[in-house]
Amino acid sequence: MTENKELTQLGKNIRKDFPFYKNNPNISYLDSAATSLVPRDVINKIIYYYESLGVSVHRGVYQLAAKTSEIYEDARKKIKHFLSAGSEYEIIFTRNTTEAINLIAYSFEKAKDELNELFSGWKGGLKTGDIVLISESEHHSNIIPWQIISERTGIKIKYIPIVKETGALDITAFNKIKNDLDDKDVKIISLAQVSNVTGIVYDLKPFISYAREKGSVFIVDGAQSVCHQKINLSDLSPDFFVFSAHKMLGPKGIGALCGKKEILNKMPVFLGGGDMILSVNKEKSTYNEIPYKFEAGTPNISAVFGFSAAIDYLEKIGLQNISDWEKKLTLYAMEKLSEINIQFFGPSLEQVKSNEFKKVGVVSFGINGIHPHDIGTLLDENNVCIRVGHHCCQLLMKAWDVPATCRASFYLYNDFEDVDNLINGLRKTIEFFGTHNS
Ligand code: PMP
């Protein structure tokens, strides 16, 4: 990918591309880990679909349908290229990361012997006592689908604990778990590549090596990684990589499951209906090939168009530029936050500065004696939008023994002034509660 040197300065310089700022010029939006803002190019591509095409994909014989299908299918190719995914992978469009994980879980629940040729121990499908290995810091969307199928199949969920001080996965505990699971069928390992609370970027290689040793399926939740750094699936080679477009400048309601074809080919279908069939008979029908087998019904075509435009935009800016910019903002924010009386939930400033931890632009923190919801509300009065709450990571909150944290997250359109606004808002909050409590 060619990086445009002039674009190294992001932040305010690119806000003209984001109509949000025209309508909200005074807002410091620091909640991109929840959902990102959308550039004009993405909105234009959605409008283009509705104004110039507007028809369905795949079934039409007319030219408009052919053109719509071509752009829709090109988006699949673009996503594969963006992820450096080789010919062994296929893209299935889903609504989001959550639906992608549910698709895998529900299909696996139905699988009997289908996956046994590819993964040792899969004869008969999921059985009582089999293991799904995840971690305490997973987003609920990588916990609940496994709990649902655990209730129905008897599989057990084993959690890799976190190190309390940093929120990072506890590698010592993981090594112990490996010994405990020696005689168990670890069927599935599913982990986030980047934590949405601490922003830590994980080296997943030790976990994937373990998965290969145990003959487990390996799933990467890429919801928070794909937006901040170059993904190279050919290098990591997971079985599945799942993510959402709305965290990477794309529209809401569209995401992707990038999976190995040989596995997808064998997996039982998820939803039934139009487009996913080959022939329908009264008793039993036959199913289409991948990716269509997993895409029942008329898809969110305009969102796929927007998804594709978001990738074009990210590639134009360059992911390395974005990551360098975020690093500057994150270090500046952590330095400024350290000057006021806050507690970090995640690695310390020194640990990030020294590269002991690789981290994206996500900083979680708290202020002793002030509830995060009060902090969020008072910041809002100062035009600063941050996220407060459990961030869909209640297990992580429980491990830390807190109900909630504050989370500021930075992306390419944020600037140092946003950080200053955050710090000023926090100072006012501390002052307010100081005066208020006295
Ligand atoms: N995993 C992680 C790490 C996330 O941060 C999120 C969204 N906050 C999800 C999964 C779920 O994404 P979505 O709501 O788009 O399905």
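Everything in this summary refers to the structure shown in the same document. It should be emphasised that the depicted structure is a prediction, and the values quoted were computed from it without experimental measurement. Position numbers for residues start from 1 in each chain and track the written sequence from start to end. Thresholds applied to this predicted model are a pLDDT of at least 70 for local features of residues and 80 or more for the giving and counting of side-chain atom pairs; totals over whole chains, interfaces and linings are not thresholded and use all residues. As a rule here, side-chain values come from all non-hydrogen atoms in the structure, and water together with hydrogens is ignored.

## Concerning the site of the ligand
Stage number 1. Residues in contact with the ligand, as listed here, are N96, T97, T98, H139, S141, N196, D221, A223, Q224, S244, H246 and K247.
Stage number 2. Contact between the ligand and S244: an oxygen atom at 2.7 Å from a side-chain N or O atom of the residue.
Stage number 3. Any pair of N or O atoms that falls within 3.5 Å is considered a polar contact. Within protein, one atom must be able to donate a hydrogen and the other to accept it, and sequence-neighbouring residues count only if both atoms are side-chain atoms. Between the ligand and the protein, one listed contact pairs a nitrogen atom with a side-chain N or O atom of K247 at 2.8 Å.
Stage number 4. Where accessible areas are quoted, they stem from the Shrake-Rupley method and a 1.4 Å probe; at the residue level, only the protein chains shown are allowed to cover. Contact with the protein chains hides 89% of the accessible area of the ligand, taken as 390 Å² for the molecule alone.
Stage number 5. Grid spacing is 1 Å over the protein atoms alone, the probe is 1.4 Å, and a cavity is where that probe fits but cannot get out, while a pocket is an open set with protein on both sides within 12 Å along at least five of seven lines and lining residues have an atom within 4 Å of a point. In this description, a molecule resides in a pocket or cavity if more than half of its atoms sit within 2 Å of the grid points defining it. In this structure the site holding the ligand corresponds to the largest pocket.
Stage number 6. Under the convention adopted here, Pro, Cys and the residues Ala, Val, Leu, Ile, Met, Phe, Trp and Tyr are nonpolar, Asp, Glu, Lys and Arg are charged, and Gly plus all remaining residues are polar. For the shell around the ligand, a count of residues per class yields one nonpolar, nine polar and two charged. A cutoff of 4 Å decides nearness: a residue is near a molecule or strand if any of its heavy atoms lies inside that distance of it.

## Quick notes on the sheet that holds strand β12 (residues 362-367)
Stage number 1. Ordered by their spatial adjacency, four strands build an open sheet running β11-β12-β15-β14, and the pairing between neighbours is antiparallel. The strands lining the two open edges of the sheet, one partner per strand, are β11 (342-345) and β14 (387-389). Averaged over neighbouring strand pairs, the angle between their axes works out to 35° when direction is ignored.
Stage number 2. In short, DSSP must find at least two bridges between two strands for them to pair. Secondary structure elements are defined from DSSP: runs of H or I of at least 4 residues count as helices, runs of E of at least 2 residues count as strands, and each element is numbered from the N terminus. In this sheet, strand β15 (residues 405-409) lies alongside β14 in antiparallel orientation, the contact comprising three bridges. Looking at β15, one finds that G389 is bridged to T405.
Stage number 3. The contact criterion used throughout is that any non-hydrogen atoms of two residues lie within 4.5 Å. Lines fitted to C-alpha atoms define the axes here, with helix axes fitted over just the stretch in contact, and angles between the N-to-C directions of these axes take values from 0 to 180 degrees. Its contacts with the sheet put helix α13 (residues 372-381) on β12, β14 and β15, and the angle it makes with β14 is roughly 160°.

## What about the environment of A310?
Stage number 1. Looking at the element boundaries, A310 is found in helix α10 (residues 301-317).
Stage number 2. Taking the C-alpha atoms as reference points, A310 and P39, separated by 271 residues in sequence, lie 7.7 Å from one another.
Stage number 3. Discounting chain neighbours no more than four positions away, the residues touching A310 are V42, M248, L249 and G250.

## Overview of the side chain of S364
Stage number 1. Counting through the fold element by element, S364 comes out in strand β12.
Stage number 2. Any residue under 20% of the maximum accessible area for its type is buried, any over 50% is exposed, and the rest in between are partly exposed; the area is computed with a 1.4 Å probe on protein chains only. Judged by relative accessible area, S364 falls into the buried class, the value being 1%.
Stage number 3. Side-chain polar atoms of S364 contact the backbone oxygen of V197, separated by 2.6 Å.
Stage number 4. In this structure S364 touches V197, Q343, F344, F345, T405, C406 and R407, once residues within four positions along its chain are discounted.

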